[in-house]
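Spelled out from the first residue to the last, the chains are:
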Amino acid sequence: FWWAQEYLDKLAIIDSRIKKMHMSLNGRGQNHAVSDYFYPEEYYVELRGKLPSHPTTGLMALDYINRCNANVISVFGFDWKASPTFTDLDRSQEVWTGHDYQAEYNYCKDTFFSQSDIVFRHSQWRSV
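Residues numbered from 1 in each chain as written. Predicted model: local features only at pLDDT ≥ 70, side-chain atom pairs only at ≥ 80, totals over all residues. Heavy atoms only, no water.

**A word on the overall build of the chain**
Argument step 1. When you go through the chain residue by residue, the secondary structure sums to 4 helices and 4 strands.
Argument step 2. The order of α-helices and β-strands along the chain, N terminus first, is α-β-β-α-α-β-α-β.
Argument step 3. Within the structure as shown, the chain displays about 8200 Å² of accessible surface, and the carbon and sulfur contribution to it stands at 54%. (Helix = DSSP H or I, 4+ residues; strand = E, 2+ residues; numbered from the N terminus. Areas by Shrake-Rupley, 256 points an atom, 1.4 Å probe, with all protein chains shown as cover.)

**Quick look at the pattern of salt bridges**
Argument step 1. Under the definition given, this model contains 5 salt bridges.
Argument step 2. In this structure, Lys20 and Asp36 form a salt bridge, with 3.8 Å as the shortest nitrogen-oxygen distance. With Lys20 in the loop between helix 1 (4–12) and strand 1 (21–22) and Asp36 in the loop between strand 1 and strand 2 (37–38), this residue pair connects regions lying 16 residues apart in the sequence.
Argument step 3. Note that Asp63 is salt-bridged to Arg67, the shortest N-O span being 3.0 Å. (Salt bridge = Lys/Arg side-chain N within 4 Å of Asp/Glu carboxyl O.)

**Describing the packing of aromatic side chains**
Argument step 1. What the rule picks out here adds up to 9 aromatic pairs.
Argument step 2. Judged by centre distance (5.1 Å) and plane angle (90°), the ring pair of Trp80 and Tyr105 falls under edge-to-face. Pair noted here: Trp80 is in the loop between strand 3 (73–76) and helix 4 (101–111) and Tyr105 is in helix 4, with a separation of 25 residues, a long-range link. The same class applies to Trp80 and to Tyr105, which are both buried. (Phe/Tyr/Trp six-rings, centres within 6.5 Å; stacked < 30°, edge-to-face > 60°. Buried < 20%, exposed > 50% of the residue type's maximum accessible area, 1.4 Å probe, protein only.)

**Considering helix 3 (residues 57–66)**
Argument step 1. Within the span of helix 3, buried status applies to Leu59, Met60, Leu62 and Asp63. Take helix 3 and look down its axis: the buried residues cluster within an arc of 160°, on one side only. (Arc of directions from axis to C-beta.)

**Details of the nonpolar core**
Argument step 1. Membership of the largest hydrophobic core comes to 19 residues, with the highest contact counts inside it found for Leu47, Leu59, Val75, Trp80, Cys108, Phe112 and Phe113.
Argument step 2. At 4 residues, the largest contribution of residues to this core is made by helix 4.
Argument step 3. The residues contacting Leu59, other than those within four sequence positions of it, are Leu47, Leu51, Phe78, Glu104, Tyr107, Cys108 and Phe112. (Core = buried A, V, L, I, M, F, W, Y, C linked by side-chain atoms within 4.5 Å. Contact = heavy atoms within 4.5 Å.)

**As for the packing of helix 2 (residues 41–48) against helix 3**
Argument step 1. With their axes 11 Å apart at the nearest point, helix 2 and helix 3 run at an angle of 115° to one another. On the basis of their axis angle, the class for helix 2 and helix 3 is roughly perpendicular. When the axes of helix 2 and helix 3 are compared, the crossing they make is right-handed. Across the interface between the two elements, Tyr43, Tyr44 and Leu47 of helix 2 pack against Leu59, Met60, Asp63 and Tyr64 of helix 3.
Argument step 2. Of the residues that constitute the contact of helix 2 with helix 3, the class distribution is 6 nonpolar, no polar and 1 charged. (Axes fitted to C-alpha atoms, helices over the stretch in contact; angles between N-to-C directions. Parallel < 35°, antiparallel > 145°, perpendicular 65-115°, else oblique. Left-handed = near helix turned anticlockwise from the far one by under 90°. Nonpolar A, V, L, I, M, F, W, Y, C, P; charged D, E, K, R; others polar.)

That's the geometry; what it means functionally is another story.
Here is the structure:
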């Protein structure tokens, strides 16, 4: 995939002591020497079945961490595309990503942030 090189280039310069996980089902067979782990395909399929579109990397990360049975999980920085990201500073890619940010917001609120052991650090809930 043409977009994969951007991520491979960025991952290649990260200190090798920092473990990296490839989240997408796309490109798993392509030169992923920079990835230490892969988000399990069965987790992706299960999560995808609960949403009207394919999940974002952030949602998959929350799902994966939640499955690790941590005592407490503190979540920072999620705003469901209310602000730009480092890979889309001008927000031009949002339109064609195929993500449903409102559905993910609702899913996170109901599934993760309703649990007492998962703390979402945000000043207020807002609709996206």
